[in-house]
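Read off the chains here:
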Amino acid sequence: NFVEDFLFDGKITKHFDKLRIIYFSNLMTEKGIFDFLSSLKTLVEMNVEFEARIAGSIDISIEQKLKSILNDFVDRVNYLGIVHGLDKKSLLEWGNVFILPTRLDEGQPISILEAMALGAIVITTKQGGIPDVFKEKINGFYVEINSPKSIVSQLRMISKDFTKYIQISDRNI
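Summary of the structure given here. (Residues numbered from 1 in each chain as written. Predicted model: local features only at pLDDT ≥ 70, side-chain atom pairs only at ≥ 80, totals over all residues. Heavy atoms only, no water.)

**Describing the overall build of the protein**
In step 1: When helices and strands are counted, the protein shows 7 helices and 6 strands.
In step 2: Relative to a compact globule of 173 residues, whose C-alpha radius of gyration would be 16 Å, the protein shows 15 Å and is just as compact.
In step 3: Dimensions of the protein, computed from the C-alpha atoms along their principal axes, are close to 40 × 30 × 30 Å.
In step 4: Counting every position in the protein, which comprises 173 residues, the buried fraction comes to 52%.
In step 5: Look at the contacts in the protein between residues 6 or more apart in sequence, and 70% of them connect residues 24 or more apart.
In step 6: Here the protein has roughly 8,300 Å² of accessible surface; of this, 48% comes from carbon and sulfur atoms. (Helix = DSSP H or I, 4+ residues; strand = E, 2+ residues; numbered from the N terminus. Rg over C-alpha atoms; globule rule 2.2 N^0.38 Å. Buried < 20%, exposed > 50% of the residue type's maximum accessible area, 1.4 Å probe, protein only. Contact = heavy atoms within 4.5 Å. Areas by Shrake-Rupley, 256 points an atom, 1.4 Å probe, with all protein chains shown as cover.)

Okay, structure coming up:
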């Protein structure tokens, strides 16, 4: 896998005013979408400021459940559908945190490489080939599989002091 050249056409400016979280992958139970959404619900309950954008194809077997949950987040979470090209670039530039809490034996997820290339702090699991391209505290942070609590812990840690983690964003670029 590689990152397309058009993603590198200029200076990248990241905003760290609040958590701007991206989930960009196929929306499947196995890729952790429900763990992610559960963690967002907890962040709302804790009054943590965030905005999230979700992009990807929805697994038809979970579509109704997923849409029902997304309706609870109308003011903070935006589902964009499938994104390509400049829409993908815009999404990745907007976000400062990228999350893929997968439980699958991933190869080398291009979404992680793209998120890193555009300066996102990555939160993911230690599955398959991910450790080959991702290092803890260098590119972001690992979370436990099937653990919204672990996701919440990492997101809260980042949101409490962005200045400590801007270096990860810079390094990922």
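**As for the side chain of Asn96**
In step 1: Tracing the backbone through its elements, the reader meets Asn96 in the loop between α3 (85-94) and β4 (97-100).
In step 2: Apart from the residues lying within four places of it in its own chain, the contact partners of Asn96 are His15, Phe16, Lys18, Leu19, Arg20, Gly119, Ala120, Ile121 and Phe162.

**Remarks on the layout of surface pockets**
In step 1: There is about 230 Å³ of room inside the largest pocket.
In step 2: Phe24, Ser25, Asn26, Gly56 and Ser111 are the residues nearest the centre of the largest pocket, which is lined by 16 residues in total.
In step 3: Of the residues that constitute the lining of the largest pocket, the class distribution is 7 nonpolar, 6 polar and 3 charged. (1 Å grid on protein atoms, 1.4 Å probe; cavity = no way out; pocket = protein on both sides within 12 Å on 5 of 7 lines; lining within 4 Å. Points joined across faces, edges and corners; volume = space filled by probe spheres on them. Nonpolar A, V, L, I, M, F, W, Y, C, P; charged D, E, K, R; others polar.)

**Comments concerning the packing of aromatic side chains**
In step 1: Using the criterion set out here, one finds 4 aromatic pairs in the structure.
In step 2: Aromatic pair Phe134 and Tyr142: ring centres 4.8 Å apart, planes at 70°, arrangement edge-to-face.
In step 3: Classification of Tyr142 as buried rests on a relative accessible area of 14%.
In step 4: In this structure, Arg53 packs its charged tip against the face of Trp94, placed 3.9 Å from the ring centre.
In step 5: Over the ring of Phe34 we find Lys65, and its NZ or CZ is 4.3 Å from the ring centre. (Phe/Tyr/Trp six-rings, centres within 6.5 Å; stacked < 30°, edge-to-face > 60°. Lys NZ or Arg CZ within 6 Å of the ring centre and 35° of its normal.)

**A word on the pairing of strand β2 (residues 50-55)**
In step 1: Where strand β1 (residues 19-24) lies against β2, 6 bridges are found, and the strand directions are parallel. Along β2, the bridge assignment pairs Arg20 with Glu51.
In step 2: Two strands pair when backbone bridges link them, and β2 and strand β3 (residues 77-79) are joined in this way by 3 bridges, in the parallel orientation. Across the sheet, residue Ala52 finds its bridge partner in β3, namely Val77. (Pairing = 2+ DSSP bridges.)

**Topic: the sheet that holds β1**
In step 1: One open sheet holds the 6 strands; their spatial order is β3-β2-β1-β4-β5-β6, and the pairing between them is parallel. Only two strands of the sheet have a single neighbouring strand rather than two, namely β3 and β6 (140-142). Averaged over all pairs of adjacent strands, the angle between their axes in this sheet comes to 20°, without regard to strand direction.
In step 2: Helix α4 (residues 110-117) rests against β1, β4 and β5 (121-124) of the sheet, and its axis sits at about 170° to β4. (Axes fitted to C-alpha atoms, helices over the stretch in contact; angles between N-to-C directions.)

**Overview of the side chain of Glu114**
In step 1: Along the polypeptide, Glu114 turns up in helix α4.
In step 2: A residue is classified by how much of its surface remains accessible, and Glu114, at 2% relative accessible area, is buried.
In step 3: Engagement of the side chain of Glu114 in a polar contact is seen with the side chain of Lys88, the distance being 2.8 Å.
In step 4: Every residue in contact with Glu114, bar those within four places of it in the chain, is listed here: Val3, Glu4, Leu7, Phe24, Lys88 and Leu92. (Polar contact = N/O pair within 3.5 Å; in protein donor to acceptor, adjacent residues only side chain to side chain.)

**Examining the environment of Gly128**
In step 1: On the secondary structure map, Gly128 appears in the loop between β5 and α5 (130-133).
In step 2: Along the sequence, Gly128 and Leu104 sit 24 residues apart, while their C-alpha atoms lie 7.6 Å from each other.

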